[in-house]
Amino acid sequence: MSGRTAVLSGVGGWLPPRLVTNDDLAAQLDTSDEWITSRTGIRQRFVVTPGLSTSGLAVEAGRRALASAGTASVDLLVLATTTPDHPCPATAPEVAAALGLGEIPAFDVGAVCTGFLYALASAASMISAGVAGSALVIGADTFSTILDPGDRTTRAIFGDGAGAVVLRAGTAREPGAVLGFDLGSDGSQADLITVPGGGSEHRSNGLPDAEGRFFRMQGRSVFRNAVTRMSESCRALTQRVGWPVESVDRVVAHQANSRILAAVGSELGLPQDRLVVNLDRVGNTVAASIPLALTDAVHSGEMAPGDRVLLCAFGGGLTWGAAALELPRLSAEPLPAPKP
Ligand code: COA
């Protein structure tokens, strides 16, 4: 990218109040802390309580990202979510109103676990094109509301949360400049990650709304695709921005499974400590995953200004993507949840 470029200027995250440990799940389902920890790396997750929905989490994350950027206003809000408050209208306008952002353009983006990167690319492109001077990009999901209570696999993996970043217009030479994206999709494998019911296809066939309303995932195929697609996307993007892969300081990958993260690190030939990991504390938070991990790593000092950072994700659709930036000087409030 050259000329006018989106620059990262703030980060923030928020988690709902109810902690669910692996032992809590084992008390309800045929599973164990040992199985979940060894197969996924996840030890706990947070879920919404009655009355708290995706917009509520998004507003809190957005507020923190704006505070981190030292601003109270932006020109644009893009919200990545697969669990909007309602099927219609989009959730982003309500979030913008609740944050007191005025009558700015605000829309939702749906790309499941890749949603945040698609939203980031949309906002960065609108900034580069001169459509907006700044943007709040939020990833927020409440998958606990669409999981089958009897499905031990998905309940072990997913947690609720929201994460956000602020972008402003600047130049590609500034710290924080978002230097490029690699994005892709393969709809021929849409059935690997799906909520089959509740949409127009289902309704036009006259099926009842309750039919197929739970999230379904073919874990093993998803695992293989996630490793391949994230590694390939990272590789393609490093070539495009002219970074030798080994010069990447930190990879903030979608927090799906610690074994997926380890495999991506190996595929890229990077030492494992270059991969940011916070899924042990929050689980897979879907569109919130990358900005939550970024917030955690900025707050803990695990990433330093000037670090070459790759963000990468894989999710339903299938969709995948990567983004490259050099970390600017940032501050982030700690995530609100207690650590184990
Ligand atoms: N507790 C105990 N056993 C479980 C379990 C749980 N929570 N979840 C699944 N199992 C069982 C399965 O039923 C299966 O039993 P079976 O052999 O009797 O049929 C067995 O464990 C192995 O299942 P499998 O799916 O092959 O295990 P896995 O090693 O692939 O791990 C996942 C399962 C879901 C953890 C793993 O496939 C994964 O992480 N996939 C990617 C998920 C993901 O990231 N999704 C989001 C993408 S964006």
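Everything numeric here is computed off the predicted structure, so don't read it as measured data.

Here is what the cut-offs are and how they apply
Residues numbered from 1 in each chain as written. Predicted model: local features only at pLDDT ≥ 70, side-chain atom pairs only at ≥ 80, totals over all residues. Heavy atoms only, no water. Domains from an automatic or database assignment. Contact = heavy atoms within 4.5 Å. Buried area = accessible area lost by both parts, 1.4 Å probe. Salt bridge = Lys/Arg side-chain N within 4 Å of Asp/Glu carboxyl O. Polar contact = N/O pair within 3.5 Å; in protein donor to acceptor, adjacent residues only side chain to side chain. Nonpolar A, V, L, I, M, F, W, Y, C, P; charged D, E, K, R; others polar. Buried < 20%, exposed > 50% of the residue type's maximum accessible area, 1.4 Å probe, protein only. Helix = DSSP H or I, 4+ residues; strand = E, 2+ residues; numbered from the N terminus. Pairing = 2+ DSSP bridges. Near = heavy atom within 4 Å. Areas by Shrake-Rupley, 256 points an atom, 1.4 Å probe, with all protein chains shown as cover. Axes fitted to C-alpha atoms, helices over the stretch in contact; angles between N-to-C directions.

Regarding the domain arrangement of the protein chain
So, point 1. Each domain of the protein chain was delimited in the assignment, giving domain 1 (4-171) and domain 2 (179-326).
So, point 2. The C-alpha centroid of domain 2 is placed 14 Å from the C-alpha centroid of domain 1.
So, point 3. At the interface, 47 residues of domain 1 touch 44 residues of domain 2.
So, point 4. With both chains or domains summed, domain 1 and domain 2 bury close to 3,400 Å², and 70% of this area falls on carbon and sulfur atoms.
So, point 5. Of all residues in domain 1, the largest losses of buried area upon contact with domain 2 belong to C113, L117 and Y118, amounting jointly to 18% of the total for that side.
So, point 6. Linking domain 1 to domain 2 there are two salt bridges.
So, point 7. One salt bridge in this structure joins D151 and R216, with 3.8 Å as the shortest N-O distance.
So, point 8. Where domain 1 packs against domain 2, one counts 17 residue pairs in polar contact (both at pLDDT 80 or more).
So, point 9. For the side of domain 1 that touches domain 2, the residue count by class is 26 nonpolar, 14 polar and seven charged.

A few points about the pairing of strand 12 (residues 308-315)
So, point 1. Summarising burial for strand 12: seven of the eight residues are buried, a large majority.
So, point 2. Here strand 11 (residues 250-253) runs beside strand 12; their pairing, made up of four bridges, is parallel. Residue pairing across strands places R250 opposite V309, the latter belonging to strand 12.
So, point 3. Hairpin geometry of strand 12 and strand 13 (residues 319-326) is characterised by an intervening segment of three residues between the two adjacent antiparallel strands and by a positive phi of about 140° at G317.

Observations concerning the pattern of salt bridges
So, point 1. Under the criterion given, the structure shown has twelve salt bridges.
So, point 2. Measuring nitrogen to oxygen at the nearest pair gives 3.5 Å for the salt bridge that ties R152 to D30. Of this pair, R152 sits in helix 6 (residues 152-157) while D30 is found in the loop between helix 1 (22-26) and helix 2 (33-40), placing the two residues 122 residues apart along the sequence.
So, point 3. Relative accessible area serves as the criterion here: at 45%, R152 is assigned to the partly exposed category.
So, point 4. By relative accessible area, D30 is classed as exposed at 64%.
So, point 5. Between D186 and R229 there is a salt bridge; the shortest N-O distance is 4.0 Å. In this pair, D186 is assigned in the loop between strand 8 (178-185) and strand 9 (193-194) and R229 in helix 8 (residues 219-241), connecting sequence segments 43 residues apart.
So, point 6. For D186, a relative accessible area of 18% gives the class buried.
So, point 7. One salt-bridge network, in which partners are shared between bridges, spans D148, D151 and R216.

Describing the site of the ligand
So, point 1. Taken together, 23 residues surround the ligand, and among them T31, R39, R152, R220 and N257 come closest.
So, point 2. In this structure, T31 approaches the ligand through a side-chain N or O atom, which is 2.6 Å from a nitrogen atom.
So, point 3. Within the side chain of T153, a nitrogen or oxygen atom sits 2.9 Å from a nitrogen atom of the ligand.
So, point 4. Summarising the interface, the protein chains cover 75% of the accessible area of the ligand, which totals 960 Å² for the free molecule.

Here we look at the sheet that holds strand 5 (residues 106-109)
So, point 1. The sheet built from five strands is open, its strands ordered 1-7-6-4-5 with mixed pairing. The open sheet is flanked by strand 1 (4-14) and strand 5, the only strands paired with a single partner. Neighbour to neighbour, the strand axes of the sheet diverge by 20° on average, direction disregarded.
So, point 2. Two strands pair when backbone bridges link them, and strand 4 (residues 77-80) and strand 5 are joined in this way by four bridges, in the parallel orientation. If you follow L77 over to strand 5, its bridge partner there is A106.
So, point 3. Across the sheet, helix 11 (residues 289-300) is in contact with strand 1 and strand 7 (161-171); its angle to strand 1 comes to roughly 85°.

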